[in-house]
Amino acid sequence: MNMIITLIISIIAISIYAVSEIDYQKKLLINNAKLDTKIVIEAITASLDFNYRKDAESVLAKMSIRSYLKDCIVFNRQGDLFVSLSKKKYRQADYQFDVTRPYRFDDDRFYYHSDILDKKQTRIGSIVMVISTRAYQDRIATFIRKVLLLFLVIFILSFILSSFMQRFISKPILKLSNITRDIRNKHDLNIDVHYQSKDEIGQLFSNFNKMLRAIREKESEREMAEKEQERLQLQLQQAQKMEAIGQLAGGIAHDFNNILTAINGYADLALTKVESDTQLSKMLMVIRESGKRASDLTKQLLTFSRKQIVEVKTLDLNETINGMEGMLSRLIEEDMDLEMHFDQPCFIDTDKGQLEQIIMNLVVNARDAIRQNEGSNREKLIKVQTGTVTIETD
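Residue indices follow the written sequence of each chain, beginning from 1 at its first position. Note on the predicted model: pLDDT of at least 70 is required for a residue's local features to be given, and 80 or more for side-chain atom pairs to be given and counted; whole-chain, interface and lining totals, by contrast, use all residues. Computation of side-chain values covers all heavy atoms of the structure but excludes hydrogens and water.

A.B. asks: Is there a simple way to explain the overall build of the protein in this structure?
C.D. replies: Helix and strand counts for the protein stand at 8 helices and 9 strands. As a reference, a globule follows 2.2 Å times the number of residues to the power 0.38, and the radius of gyration itself is taken over C-alpha atoms. The C-alpha radius of gyration computed for the protein amounts to 62 Å, which surpasses the reference 21 Å derived for 394 residues by more than 25%, pointing to a less compact arrangement than a globule. With the C-alpha coordinates aligned to their principal axes, the bounding extent of the protein is approximately 185 × 45 × 45 Å. To sort residues, take the accessible area from a 1.4 Å probe on protein chains only and compare it with the maximum for the residue type: under 20% means buried, over 50% means exposed, and anything in between is partly exposed. Counting the 394 residues in the protein, one finds 31% classified as buried. Helix and strand assignments come from DSSP, with helices taken as H or I runs of at least 4 residues and strands as E runs of at least 2, each series counted from the N terminus.

A.B. asks: Quick question: what am I supposed to make of the pattern of salt bridges here?
C.D. replies: Two side chains of opposite charge can pair, provided their charged atoms sit close to one another. Between Lys or Arg on one side and Asp or Glu on the other, a salt bridge is scored when a side-chain nitrogen of the former is within 4 Å of a carboxyl oxygen of the latter. One pass over the structure, following the stated rule, counts 11 salt bridges. One salt bridge connects glutamate 57 with lysine 87, and the closest N-O pair in it is separated by 3.6 Å. Pair noted here: glutamate 57 is in helix 2 (residues 53-63) and lysine 87 is in the loop between strand 2 (81-84) and strand 3 (103-106), with a separation of 30 residues, a long-range link. Residue class for lysine 87 comes out exposed when judged on its relative accessible area of 55%. Notably, a salt bridge pairs glutamate 226 with arginine 222, separated by 2.4 Å at the nearest N-O pair.

A.B. asks: Explain the nonpolar core to me, please; I cannot follow it from the model alone.
C.D. replies: Burial of nonpolar side chains together is a common tendency in soluble globular proteins. Each nonpolar core is a collection of buried residues, namely Ala, Val, Leu, Ile, Met, Phe, Trp, Tyr and Cys, held together in the definition by side-chain atoms within 4.5 Å. Counting residues in each nonpolar core, the largest one holds 27 residues, and the members touching the most others are Val40, Val74, Phe110, Ile116 and Ile127. Secondary structure elements with two or more residues in this core: helix 1 (2-50), helix 2, strand 1 (69-76), strand 2, strand 4 (109-117), strand 5 (123-132) and helix 3 (134-186). Two residues form a contact once any of their heavy atoms are found within 4.5 Å. Those residues within four positions of isoleucine 127 in sequence are excluded, and the remaining contacts are Thr37, Val40, Ile41, Cys72, Ile73, Val74, Tyr112, His113, Ser114 and Ile116. Counting 19 residues, the second-largest nonpolar core is a separate cluster that includes Met327, Ile332, Met340 and Leu355.

A.B. asks: Hey, could you run me through empty space enclosed by the protein in this one?
C.D. replies: Vacant regions in the atomic arrangement are exposed by a probe of water-molecule size rolled over the atoms. A pocket here means an open set of points on a 1 Å grid, computed over the protein atoms alone, that has protein on both sides within 12 Å along at least five of seven lines. A cavity is instead a set of points where a 1.4 Å probe fits but cannot get out; residues with an atom within 4 Å of a point line either one. Grid points are joined across faces, edges and corners, and a volume is the space filled by probe spheres set on the points. Going through the model one piece at a time under the given rule, you end up with 1 cavity of 30 Å³ or more. Taken as a whole, the largest cavity holds about 30 Å³ of empty space. Every residue along the wall of the largest cavity is listed here: Glu333, Asp335, Met336, Ile370, Arg371, Glu374 and Lys380. The residue inventory of the lining of the largest cavity, partitioned by class, reads 2 nonpolar, no polar and 5 charged. Amino acids are sorted into nonpolar (Ala, Val, Leu, Ile, Met, Phe, Trp, Tyr, Cys and Pro), charged (Asp, Glu, Lys and Arg) and polar (every other residue, Gly among them).

Here you go:
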């Protein structure tokens, strides 16, 4: 397509140039004829006015050195032949010209006509110059050959240039366009365009690959951001659930603690009314001990729900963990075992509810870790062990 357009433009340009050149050669021929006619008129005006033929013939004889001048015909004011270069007989009626166009072409002859005026601008005759157009035709023919040769050269150069552009420009760009269309249709960014060149097209392909890599990185970052957002959203939902559970547990524990206060209070009151060694006293002691344990569980729930006031006091870590064994056993699954190993008594200053919450969280994390490795053949055992460690600081 590019080659056809180039050829059309070349043909139009060459045609315009050829027409202008032919018109220039035509104007050059007319101007030369006009100049020769003026020279002859200035030389024979007096001879024509006084009817001196020999003087006029000598003037025409001098003009014969011009090889392109085939004849020069002079008529007097009556229209009769005065002189001619070829000595032939001519009639003025055979050489009539339009006033606006005093020349004409006839085969290989060019005729130019002009009136001869005296000093008073009175017409005393006319002249007709007969000029051979062979030189004019030869120049036109030579020019046409040059034009055809130029057209052939332009055609060859256009073909070579078009082939070069198609191979090194059009095809690579078309390849890049097809790859871009495939990326758009398939939504596949894992493509690298290979083009072995260091020119502008090679730079274009290199920059295209860089753009694809940048888009892939941005897409990967976007996917990671979306996954992180989903993870945070799940954490937020889980936190909201835990907050709701904590609020529910706190409400239940608060109401249950009121009930336990009445039970423990009446148990203590009943113990004061009975003797210590009786069967009834032992039963009341069991009720009070169970109420105390239930009260401790209530405090754990209140701590979990952030409604229990922190009360720091000295506790035996071993005793506290041992008292949680029942609750910790209920937190793990049936196919898991719980073992406790205690070192020498270990006293720490802390809030009992918060300490129990820490121990409970550690056991729950261990349980979840065992669940994640459920496919392995490892023993499903949770060990809770205490000990004293000395940490030295610089």
